[in-house]
Amino acid sequence: MTKAEQVIERAMTFVAVSKALREREQKRLANWKRRVDISRPLPPLPRAVQLSLKLDS
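Conventions used here
- Residues numbered from 1 in each chain as written.
- Predicted model: local features only at pLDDT ≥ 70, side-chain atom pairs only at ≥ 80, totals over all residues.
- Heavy atoms only, no water.
- Helix = DSSP H or I, 4+ residues; strand = E, 2+ residues; numbered from the N terminus.
- Buried < 20%, exposed > 50% of the residue type's maximum accessible area, 1.4 Å probe, protein only.
- Areas by Shrake-Rupley, 256 points an atom, 1.4 Å probe, with all protein chains shown as cover.
- Salt bridge = Lys/Arg side-chain N within 4 Å of Asp/Glu carboxyl O.

This next bit is on the overall build of the protein. Within the protein one finds one helix and zero strands. Summarising its shape, the C-alpha atoms of the protein cover approximately 100 × 20 × 10 Å along the three principal directions. The buried share of the protein, reckoned over its 57 residues, is 0%. Put simply, the protein shows about 6,300 Å² of open surface, and 62% of that area lies on carbon and sulfur atoms.

Below, the structure is given as structure tokens:
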């Protein structure tokens, strides 16, 4: 194997490792965001409005 082939092989290995780390970090971040969204409190419900009933008709 020539020196150029060794350099190319090392570069391809580095690219593969970097891609695997990036994908793992993306999955970890997605799981964390999902947990944060689940733990976020629900928005307050709007206040109830009482309707008047005309019972003397």
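This is not the end of the story, as more comes after the structure.
What follows deals with the pattern of salt bridges. Under the definition given, this model contains one salt bridge. Among the ionic pairs, R28 bridges to E25, the shortest N-O distance being 2.5 Å. Taken as a pair, R28 and E25 lie in helix α1 (residues 3-39) at a separation of three residues, close to a single helical turn.

Let us look at the environment of A48. Following the sequence through the fold, A48 ends up in the segment after α1. As for A48 and L21, which are separated by 27 residues in sequence, their C-alpha atoms are 51 Å apart.

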